[in-house]
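# Per-entry structural report
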Amino acid sequence: MEAQIMTAPTPALAIETRTSPQPETAATGDPALIELRKFNFWYGAKQALFDIDLKVRERSVTAFIGPSGCGKSTLLRCLNRMNDLIDGVRVEGSLRVNGEDLYGSDVDVVDVRKRLGMVFQKSNPFPKSIFENVVYGLRIQGERNRTRLRDACEVALKGAALWDEVKDRLDDSALSLSGGQMQRLCIARALAVEPEVVLMDEPCSALDPIATAKIEELIFSLKERFTIVIVTHNMQQAARVSGRDRLLHARQARRVRQDRRDLHAPEAEDDRGLHYGEVRLMASAPEVKGTDSAGATPARWRIALVEDDEDLAFTLLYSLRKDGRFDPVRYAGGLVALDEMTERPPDLVLLDLNLPDVDGLTICRELRRHETTRRVPILMLTARAEERDKLLGFDLGADDYVTKPFSMKELVARIVAHLRRAGGAGATADDAFDDGRLRVDRSRHLVERDGRAIHLTKKEFDLLWLLIKSGGRVVSRETILSRLWDYAADVETRTVDVHIRSLRKKIGDDVVETVVGVGYRFPT
């Protein structure tokens, strides 16, 4: 299925929508619950959202992905009209829930916010007991029956996976709970009024990894009963909680080439690699390859991804490009992939077994028969977890067999291990740099300046390598944060400056050049 690409004429939010293979049609029996058409939003004279077209299925999880300031939360608050509380806002276009125009003149805004509940970035329990927090919305609606309130409280707390932890202390203050428990309490408070949709604005950003895991498990389980829309900075989190449901991703507004193999690659003449302006957006498209000091283009491993699932393919392409060592090309069908791979062999193949036109096992067998692809590593990605399927895959020539769902970090590690063992195109060029004075060996975590060994921390080393492989191009602080810290909520742009100063102190002032107001680059 082709993606719908919407771009804005000025720096703002643009949404690229990628749907799962089964669209919302009458045939599926799963129509869209929320639908936006040509939806625009202004803060005063400043337009923040441009021509958003979006459908959200009932009982699904939809993730809005992107860095701070790109408009994700604005779009989320539009869904239950929370933005109405801000002076000077204006909307155009259509936003419907179950066919009802939420911005119609006769709409009860209080009822809208009951139907579309909100869980905020920072947990906000009231200074009341746990019980009173959960039933607060019901009391506002006029419910006074103690038995019904207790039943509703228990159901909501069980729905938020908190009942077993607090059932014996419902009269204790909600402020005595841990951070993760407070956030689940806020989810229970939203569930108590039985909304149609639960909106979550970065619900895990202030939580530790254990609490985050519990919230993610909860989100995934809640989609059996509710429609959930979540805002997050974390691409991996979005993929974990949204499964096969669609992923939306904020990107800079620019012209995009629609290619059947790669829908993310920008036109070369339009790709500036960076985005400047008040709104910082996540560049999901691959950066244009730079040149080293000798004028040669740094090699990257060319990965052929044969995968028909749009959401999974999107996640894999994003993660591989973000790593920086790979040049992935995606094929939605096996026959086209087979023709092109035998003509131009990749360094490695990621192969799904359940393809629409031909079975992945057949593709694997044909690749092993062809002279040009006989030694190319093949990693099978599949939901088939039976032993007989794995043995058959290995018999037909697969080098590795990864069952879904899988860890992206583990998959990348497996890819690199197979490529180094096979001596892929990028194995040497991508792991070493030497300009006569500075020598960097990525595979050995080695840095030398004029023959003197220099110890760098992992972040310092990754930052140096990012600048080196940018080939003299300026890299903004936002790009560095995206690549090295994944837009962690507790990391500021100032952190980049601290690491730059540390690099200069250890290696020399000339190792990094500052471009005032823009970013940093490695001088060539």
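Everything that follows concerns the structure shown earlier in this document.
Here the structure is a predicted model, which means the values were calculated and not measured. (Residues numbered from 1 in each chain as written. Predicted model: local features only at pLDDT ≥ 70, side-chain atom pairs only at ≥ 80, totals over all residues. Heavy atoms only, no water.)

## What to know about the packing of aromatic side chains
Evaluation of the coordinates by the stated rule reveals six aromatic pairs. Between Phe-433 and Phe-522, the ring centres sit 5.5 Å apart and the planes meet at 85°, which makes this aromatic pair edge-to-face. One end of the pair, Phe-433, is in strand β17 (residues 432–434); the other, Phe-522, is in the segment after β22 (519–521), with 89 residues separating them in the sequence. Residue Phe-433 is classed as buried on the basis of its relative accessible area, which comes to 12%. Sitting above the plane of the Trp-42 ring, Arg-90 keeps its charged end 3.9 Å from the centroid. In this arrangement the basic side chain of Arg-150 is found over the ring face of Phe-131, its NZ or CZ atom lying 5.1 Å from the centre. (Phe/Tyr/Trp six-rings, centres within 6.5 Å; stacked < 30°, edge-to-face > 60°. Helix = DSSP H or I, 4+ residues; strand = E, 2+ residues; numbered from the N terminus. Buried < 20%, exposed > 50% of the residue type's maximum accessible area, 1.4 Å probe, protein only. Lys NZ or Arg CZ within 6 Å of the ring centre and 35° of its normal.)

## Regarding unusual backbone geometry
Glycine aside, residues mostly have negative phi angles, and peptide bonds mostly take the trans form. Residue Lys-38 is not a glycine yet carries a positive backbone phi of 50°. With respect to the element layout, Lys-38 can be found in strand β3 (residues 32–43). Of note, the phi angle at Asp-51 is positive, near 45°, even though the residue is not glycine. Summarising the element assignment, Asp-51 is placed in strand β4 (residues 46–57).

## With respect to the sheet that holds strand β18 (residues 438–441)
With antiparallel pairing, the four strands of this open sheet are ordered in space as β17-β18-β19-β20. Only two strands of the sheet have a single neighbouring strand rather than two, namely β17 and β20 (452–453). Together, β17, β18 and β19 (446–449) form the strand contacts of helix α15 (residues 458–469), whose direction differs from that of β18 by roughly 110°. (Pairing = 2+ DSSP bridges. Contact = heavy atoms within 4.5 Å. Axes fitted to C-alpha atoms, helices over the stretch in contact; angles between N-to-C directions.)

## Looking at α15
For α15, with 12 residues, the first-to-last C-alpha span of 16 Å sits near the 16 Å given by 1.5 Å per residue. Burial of α15 is extensive: nine of the 12 residues sit out of reach of the surface. Taken from the residues just after α15, Gly-471 is the one with a positive phi, measuring 60°. (Expected span 1.5 Å × (residues − 1).)

## Things to note about the pattern of salt bridges
Summed over all chains, the structure comprises 24 salt bridges. Arg-439 is the partner of Glu-448 in a salt bridge, and the nearest nitrogen-oxygen pair spans 3.4 Å. What you see here is one network of salt bridges that share partners, running through Arg-437, Arg-449, Asp-450 and Asp-510. (Salt bridge = Lys/Arg side-chain N within 4 Å of Asp/Glu carboxyl O.)

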